[in-house]
Amino acid sequence: MLILTRKLGESIRIGDDIEVKIVAIAGDQIKLGITAPREVDVNRGEIYEAIQKENSRAASGDLPEDILTAMKAMKKKEK
């Protein structure tokens, strides 16, 4: 892990296309401004983990019961 020290208004660059800037500091919170191309997903860590978990569940076929019930009903209508 790279650890950098930045002051208010300063930034770091990730590659050529991504900039992370310190835009505000209040108590123990820091607000970051992130400039990145639209095709780059930028999420909070907990949101990213939830997306990964849901994608993994969907790929394994372990879907919630209400979705499974709806899928079975759709298959019956197709017949």
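Here is what the cut-offs are and how they apply
- Here the residue index of a chain counts from 1 through its sequence in written order.
- Only residues with pLDDT of 70 or above have their local features reported here, since the model is predicted, and side-chain atom pairs are shown and tallied only from 80 upward, although totals for entire chains, interfaces and linings are computed over all residues.
- Only heavy atoms go into the side-chain values, all of them from the structure, while hydrogens and water stay out.
- Here, a salt bridge means any Lys or Arg side-chain nitrogen found within 4 Å of an Asp or Glu carboxyl oxygen.
- Buried means the residue's accessible area, taken with a 1.4 Å probe over protein chains only, is under 20% of the maximum for its type, while exposed means over 50%, and partly exposed covers the values in between.
- At least two bridges found by DSSP between two strands are what make those strands a pair.
- Numbering of helices and strands starts at the N terminus; helices are DSSP runs of H or I of at least 4 residues and strands are runs of E of at least 2.
- Lines fitted to the C-alpha atoms define the axes, with helices restricted to the stretch that makes contact. Angles between their N-to-C directions range from 0 to 180 degrees.
- Without a salt bridge and with relative accessible area above 30%, a residue can belong to a patch; like charges are then joined within 9 Å and nonpolar side chains (Val, Leu, Ile, Met, Phe, Trp, Tyr) within 5 Å.
- Note that accessible areas follow from Shrake-Rupley with a 1.4 Å probe, and for residues the cover is restricted to the protein chains shown.
- For every residue, the pLDDT score states the predictor's confidence, bounded by 0 at the bottom and 100 at the top.

### Notes on the pattern of salt bridges
Next up, step 1: This model, assessed by the stated rule, comprises two salt bridges.
Next up, step 2: Across the pair Glu 10 and Arg 6 runs a salt bridge, and its minimum N-O distance is 3.7 Å.
Next up, step 3: Residue Glu 10 is classed as partly exposed on the basis of its relative accessible area of 29%.
Next up, step 4: As a salt-bridge pair, Arg 44 and Glu 46 come within 2.7 Å of each other at their nearest N and O atoms.

### Here we look at the sheet that holds strand S3 (residues 29–35)
The strands that make up a sheet pair up through hydrogen bonds in the backbone, lying either parallel or antiparallel.
Next up, step 1: Spatially, S1-S2-S3 is the arrangement adopted by the three strands of the open sheet, whose pairing is antiparallel. At either margin of the open sheet sits one strand with a lone partner, and together these are strand S1 (11–14) and S3. Between one strand and the next, the sheet's axes are offset by a mean angle of 25°, whatever the strand orientation.

### What about a nonpolar patch on the surface?
Next up, step 1: A cluster of nonpolar side chains, Leu 8, Ile 25, Ile 30, Leu 32, Ile 34, Val 40 and Val 42, forms an exposed patch at the surface whose accessible area comes to about 630 Å².
Next up, step 2: For Val 42, the position within the fold is in the loop between S3 and helix H1 (45–60).
Next up, step 3: Using a relative accessible area of 47% as the deciding quantity, one classes Val 42 as partly exposed.

### Some details on the pairing of S1
Next up, step 1: Note that S1 and strand S2 (residues 18–26) share four bridges and pair antiparallel. Following the sheet pairing, Ser 11 is matched in S2 by Lys 21.
Next up, step 2: Following S1, the chain reverses through three residues before pairing antiparallel with S2; Gly 15 in that reversal takes a positive phi of roughly 65°.

### With respect to the confidence of the model for the protein
In low-pLDDT segments, the atomic positions of the prediction should not be examined closely.
Next up, step 1: Overall, the predicted model of the protein reaches an average pLDDT of 88, with 90% of residues at or above 70.
Next up, step 2: Of all secondary-structure elements in the protein, the lowest mean pLDDT belongs to helix H2 (residues 65–78), at 72, while S1 reaches the highest, 98.

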